[in-house]
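Notes for the structure review
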Amino acid sequence: MMASVPLEHGLILSGILFALGLTGVLIRKNIVFMLMSVEIMLNAAGLAFVTAGARWNQPDGQIMFMFILAMAAAEVSVGLALVVQLYHSFKTLNADAASIMKG
Amino acid sequence: MLNLLVLIPALPLAGFILLALRGRQFPAAANAWIGTGSIGLSALFSIMVAINFVGNPPEGNVFIQTLWTWMQFDGNPVTLSFSLDSLSLIMILVITMVGFLIHLYSTEFMRNEEGYSRFFAFMNLFVGSMLILVLAGDFLLLYIGWEGVGLCSYLLIGFWYRDKDNGKAARKAFIVTRIGDVGMLIGIFLLFLHFETFNIQSVMQAAPKTWQIGSSLAILAAFLFLLGAIGKSAQVPLQVWLPDAMAGPTPVSALIHAATMVTAGVYLIARLHVLFEIAPVIQTMIAIIGAVTLLIAACSAMVQRDIKRVLAYSTISQIGYMFLALGVGAWSAAIFHFMTHAFFKALLFLAAGVVILAQNHEHDMFNMGGLRSLLPLPFVVFVIGAASLSALPLVTAGFYSKDFILLSAWYSPSGSALLWVAGIIGAFLTSIYAFRMVFITFFGVSKIPISHRPGFFMITPLIILAFFSIFGGYIELPETHHFSSFLSPVFGIPGEQPINGEGVLEFGASLVSLSGIFLALLFYVLRPEYAGAFREVPFFASLGTFWFSGWKFDALYDRLLVRPFFLIVRKSKNDFIDAVYTGIAYLNRAIHNNLVRTQTGNLRWYAMGITVGAVVFLGILLVR
Amino acid sequence: MNTLFYISAVIAVFATVMVITRTKAVHALLYLIVSLLAVALIFFALGAPFVAMLEILIYAGAIMVLFVFVIMMLNLGSDSAKQESQWLDPATWRGPAILCAVLLIELMYLFLSHPVRSVIFSVVGPKQVGIALLGPYVIGVELASFLLLAGLVGAYHLGRPHKHEIKETS
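Before going into details, it helps to say that this report is about the structure given with it. (Residues numbered from 1 in each chain as written. Chains lettered and ligands numbered in written order. Predicted model: local features only at pLDDT ≥ 70, side-chain atom pairs only at ≥ 80, totals over all residues. Heavy atoms only, no water.)

A few points about the overall build of chain C
When helices and strands are counted, chain C shows seven helices and zero strands. Helices and strands in chain C line up, N terminus first, as α-α-α-α-α-α-α. Going through the 170 residues of chain C one by one, you find that 37% of them count as buried. Partitioning the intrachain contacts of chain C with sequence separation of at least 6 by distance along the chain shows that 59% fall at a separation of at least 24. Put simply, chain C shows about 10100 Å² of open surface, and 73% of that area lies on carbon and sulfur atoms. Computed over 9 positive and 8 negative side-chain charges, the inter-centroid distance for chain C is 5 Å. (Helix = DSSP H or I, 4+ residues; strand = E, 2+ residues; numbered from the N terminus. Buried < 20%, exposed > 50% of the residue type's maximum accessible area, 1.4 Å probe, protein only. Contact = heavy atoms within 4.5 Å. Areas by Shrake-Rupley, 256 points an atom, 1.4 Å probe, with all protein chains shown as cover. Lys, Arg positive; Asp, Glu negative; His and termini not counted. Charge placed at Lys NZ, Arg CZ, Asp CG, Glu CD.)

Section: helix 6 (residues 164-195) of chain B
Taking 1.5 Å of rise per residue, the 32 residues of helix 6 of chain B would be expected to cover 46 Å, and the 46 Å separating its terminal C-alpha atoms lies within 8% of that figure. Residue B:Ile179 marks the point of greatest curvature in helix 6 of chain B, where the axis turns by about 30°. (Expected span 1.5 Å × (residues − 1). Bend = angle between axes of the 7 residues up to and from the residue.)

Topic: the environment of C:Ala15
Here C:Ala15 is to be found in helix 1 (residues 2-21). Every residue in contact with C:Ala15, bar those within four places of it in the chain, is listed here: C:Tyr31, C:Val34 and C:Ser35.

Details of the packing of aromatic side chains
Residue and element names in this part refer to chain B. Under the defined criterion, the tally for this structure stands at 29 aromatic pairs over all chains. With 5.6 Å between their ring centres and 75° between their planes, Phe-467 and Phe-468 make a pair best called edge-to-face. Phe-467 sits in the partly exposed class, given a relative accessible area of 45%. Members of the aromatic cluster, joined through ring pairs, are Phe-343, Phe-399, Tyr-400, Phe-467, Phe-468, Phe-471 and Tyr-474. Between Arg-118 and the ring centre of Phe-159, over which it is positioned, the NZ or CZ distance is 4.4 Å. Taking NZ or CZ as reference, Arg-372 lies 4.3 Å from the ring centre of Phe-443, over its face. (Phe/Tyr/Trp six-rings, centres within 6.5 Å; stacked < 30°, edge-to-face > 60°. Lys NZ or Arg CZ within 6 Å of the ring centre and 35° of its normal.)

Quick look at the pairing of strand 1 (residues 63-73) of chain B
All names here are of chain B. Examined bridge by bridge, strand 1 and strand 2 (residues 76-84) share nine bridges and lie antiparallel to one another. From the neighbouring strand, Phe-73 faces strand 2, where its bridge partner is Asn-76. Between the antiparallel neighbours strand 1 and strand 2 lie two residues, among them Asp-74 with a positive phi of about 55°. (Pairing = 2+ DSSP bridges.)

Quick word on the interface of chain B and chain C
Contacts between the two partners involve nine residues from chain B and, on the opposite side, nine residues from chain C. Roughly 770 Å² is buried in total at the junction of chain B and chain C, and carbon and sulfur atoms are behind 87% of that figure. One can count zero salt bridges joining chain B with chain C. On inspection of chain B and its partner chain C, the count reaches one residue pair in polar contact (both at pLDDT 80 or more). (Buried area = accessible area lost by both parts, 1.4 Å probe. Salt bridge = Lys/Arg side-chain N within 4 Å of Asp/Glu carboxyl O. Polar contact = N/O pair within 3.5 Å; in protein donor to acceptor, adjacent residues only side chain to side chain.)

Regarding the side chain of B:Thr611
Relative to the elements of secondary structure, B:Thr611 occurs in helix 27 (residues 603-623). Its relative accessible area of 3% is what places B:Thr611 among the buried residues. Not counting residues up to four positions away in its chain, the partners in contact with B:Thr611 are A:Leu22, A:Leu26 and C:Leu99.

Here we look at the interface of chain A and chain C
Between chain A and chain C, the residue contacts involve 74 residues of the former and 89 residues of the latter. Applying the counting rule to chain A against chain C returns zero salt bridges. Taken together, the links from chain A to chain C amount to nine residue pairs in polar contact (both at pLDDT 80 or more). Elements supplying a minimum of two residues to the side of chain A that touches chain C: helix 1 (7-27), helix 2 (31-55) and helix 3 (60-90) of chain A. Sort the elements by how many residues they give to the side of chain A that touches chain C and helix 3 of chain A lands first, with 25 residues. Residues that form the side of chain A that touches chain C fall into these classes: 49 nonpolar, 18 polar and seven charged. (Nonpolar A, V, L, I, M, F, W, Y, C, P; charged D, E, K, R; others polar.)

Next up, the structure:
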C-alpha cells in the first residue's frame with residue numbers, strides 16, 4: 001500500500017530543501033560548506049524528479065535522478081580535489097580569498 | 001621627325017622614374033649621367049624638332065601629336081595630346097637648353113651633398129612636368145604639368161629637409177601658389193562648362209565667337225586664369241613665397257625660380273591671349289599688377305643683404321616686366337623678355353652659387369668682397385649677367401628685350417605713358433641693385449678665403465649662358481623683328497609702330513640704365529660714406545627696413561589671414577562636435593568604471609547574482 | 001504511508017537547517033547524512049525503491065564519505081570552528097536569507113497554483129527502470145559514463161601535488 005500524497009506536497013518539500021541549500025551556498029564562506037550546500041540543492045532537484053515520475057507511474061523520473069546522481073558524484077570528486085588545491089595555495093578555505101579575477 | 005616630340009617630355013620623366021626607384025643604389029656618377037643625360041637628349045631632340053619645324057612648318061603652323069584618348073564622355077574625347085607651335089617651340093628650347101646647363105652645373109655643385117640621386121630625380125621630374133605644361137594641348141594635361149611643377153618646387157625648396165625652416169619655406173611656396181591654382185582650376189571648369197571641351201585650341205577659337213568683348217563670363221574666366229598666373233609667377237599679391245624659396249639649393253633657384261616655373265604664369269597668359277583680349281579690363285589689371293610688382297620688388301631688391309634674395313626680388317621684378325608687356329598686348333615682347341631673362345637670370349644665379357661655394361656657404365654680400373681678383377672668370381660672367389639685367393645699351397640681350405617692352409608700353413593702344421614711366425623707374429632701380437650686388441661682392445677687400453674653386457662643369461654653363469646673355473637679343477632688333485615674326489602665327493602680326501619717337505625713348509632708357517650703374521658705383525665703390533650717411537637719416541632707415549621685409553606683405557598676411565586661421569583652429573579644436581566624440585569616450589569610461597564594481601571576484605557574490613536573476617525571472621513569469 | 005512521508009519530510013527539513021548552521025564540519029556532514037537518509041525514505045514511500053537504494057548507497061554512502069575523507073585530510077580543528085562562527089554573523093545571512101525566502105514564496109506560488117489532488121503511487125521497480133534506462137535512455141547512460149571518466153581524470157590530475165604555488169597578486 002503506497003502513499004497517496006498529493007504531488008504538490010512533494011514538490012513543496014523539494015522547493016524548501018532547494019531554498020535551504022541555496023541559502024547555505026550564499027551565507028557560508030567556507031568552501032567545503034558551500035559544496036555541501038550544493039549537494040543539498042542537487043538532492044532536492046532529484047527529489048522533485050522522482051516525485052514527478054512516480055506521480056505518472058513511470059520510471060523516467062528515477063532515470064533522471066540517476067543521471068543527477070552520476071553528475072553529482074563527478075562534480076564532488078573534482079570539486080574536492082580543487083578544494084584541496086585551494087587549501088595548498090591560499091592556506092585557507094575562505095572562498096573570498098580566491099578573488100584574483102576581480103576588476 | 002616631328003614625331004620625336006613625345007620624347008622631349010618623356011625622357012626626363014623616364015629619368016625621374018629610374019632615379020627615383022634605383023638612384024640610391026647607383027654610384028654618383030651614374031646618377032649624374034642619367035639626370036643630365038636625359039635633359040641633354042631632350043635638348044638635342046628639341047633642336048632637331050626646331051630645325052624641322054622652322055624649315056618645314058606644318059600645316060597651320062601647329063603640329064599636334066595625340067598619344068591616346070584619356071577619357072570620353074558625351075562623345076567628347078579628352079586626349080593626351082601635345083601641340084607644338086611657335087610659342088611652345090621657344091619654350092621647350094629654352095627649358096631644355098637652360099635646364100641642361102643647370103643640370104651640368106649641379107653635377108659638380110651638389111657633388112658632396114646627401115641625396116644626390118634624389119636631387120636629380122626631382123629635377124628631372126620638374127623638367128618633365130614643365131615640358132608637359134608647355135606642350136599640352138588639353139587643359140587637363142596643362143593642369144597636370146602645372147601641379148607637377150608646383151610639387152617639384154615644394155620638393156626641391158625643402159630639399160635639405162633636416163632643417164625645419166626649409167620645410168616651412170617649401171610649405172609657404174606650395175600654399176601660396178595653391179591659392180592661385182584653385183583659381184585656375186575653377187577657370188578650367190568654367191571654360192569646360194561653356195565650351196564642353198578641354199582642348200585649348202578649340203576653346204580659343206570658340207571664345208571670341210561666343211563671348212562678346214567685355215562680357216562678364218569672359219572677364220570671370222580671364223580673372224581666374226590670371227589668379228593662377230599670379231600665384232605661380234609670384235606677382236603681387238602672391239609674391240611672398242619667392243624670397244623664402246631661396247632656401248633651396250642654388251641650381252634649384254636658378255632653374256625653377258628664375259628660368260622656368262615662375263614663367264609658367266607668363267606662358268599661361270600668352271597661350272590664352274585670346275581670352276584676355278576679349279576681357280580688356282583684366283588685361284589692364286595685368287599691366288597694373290606688372291607695373292606695381294616690378295616697382296615694389298625693385299625697391300626691396302635694393303636693400304637686401306643675402307645675394308640670393310636680391311636675385312629673387314629681381315626675378316619678381318623682371319616677371320613684372322613680362323606681365324606689363326602682356327597687359328599692354330605685347331605678347332611677343334613678353335616671351336622675348338622671358339627668353340633673355342632665362343639666360344641672364346640663370347647665369348646670375350649660377351654665378352652666385354659659385355661665389356657662395358667659394359665663400360664657404362656665406363650668403364651675406366657684406367661679408368664678402370674682393371673676389372674680382374680671386375675669381376676672375378666668375379666676376380666677368382657676373383658682370384655680364386648684371387649688365388644684361390640692367391639692360392646695358394646695345395651690347396646685351398636684356399637691353400633689346402626690355403626696350404621692346406618699354407616701347408610697347410608707350411605705343412600700344414592699351415598702353416599708357418604711366419606704365420612707361422613705371423617701367424623706366426624700374427629700369428633705373430634695376431641697374432642700381434644689380435650693380436650694387438656686383439660692387440659689394442666683387443670689389444673691396446676680401447674677407448673670407450676661397451674654399452672651393454669652380455671646376456669645368458660649373459664654369460662651362462656660365463660661359464655658355466654669358467654668351468647668350470650678350471648675343472641672344474640680336475634676333476629681335478627693332479628693325480628686323482625676327483622673333484616676333486616667328487611668333488606671329490600665334491599672336492598675330494605685330495602692329496606697326498611709329499618710328500619717329502622711338503629713338504628718343506630708347507635713348508632715355510639707355511640713359512636711365514647707365515645712370516643707375518653710375519649711382520651704384522658712387523655709393524658702393526667711390527664714396528661709400530654716402531651710403532652710410534643715407535642710413536643715418538631716420539626716414540631712409542625706416543624706409544629701408546620697410547623695403548627689406550618685402551613691403552611688410554608677410555606681416556600683413558600674418559595679421560590678416562594666418563592669425564585668424566589659427567584662432568579658428570584653436571577654437572574649433574574642442575568645440576561642441578568634438579565634445580560629442582570625447583563625450584562618447586567619457587561616457588564609456590564612466591559606465592565601465594561603474595560596472596567593473598560588479599566584478600568582485602567573490603564566488604558568493606556571483607552565486608547571489610544567479611539567485612537574484614532566478615528570482616526576478618520567476619517573478620516576471622508569475623506576474624504575467 | 002502518508003505519515004511516513006510527512007515525518008520523513010520534517011526530519012529532512014530539520015536536518016538540512018542544521019547542516020547549514022553548524023560550525024563544525026563533521027557535525028554538518030552527519031546532519032547531511034541524516035537528511036539524505038530521510039529523503040531515501042521518502043523515495044520508498046513514493047514507490048521508487050531502486051533510487052532509494054541508490055540514494056543510500058551512492059549519495060550517503062560514497063559522496064558523503066568522500067567529504068569526510070577530505071575534511072579529515074584538511075585537519076580542520078577547533079580554531080576553524082571559531083572562525084566559522086565568526087563568519088556566520090547575522091549581518092552576513094540576513095540578505096541571502098530574505099532572497100531565498102522570496103524565491104521559496106515564488107516556488108510555492110507556482111506549485112500551489114493548480115488544484116491539489118491526491119494520487120495513489122504504485123511501485124516502479126528496478127526492472128522497469130532497467131528496461132527504460134537501456135532502452136530509450138541508453139545515450140544518456142553513455143554520456144554519464146563520459147562524465148564519470150572525465151571526473152575521474154580531472155580529480156586524479158588536480159589531486160596530484162603541484163610543484164609551484166599560485167602567487168597571490170593584488
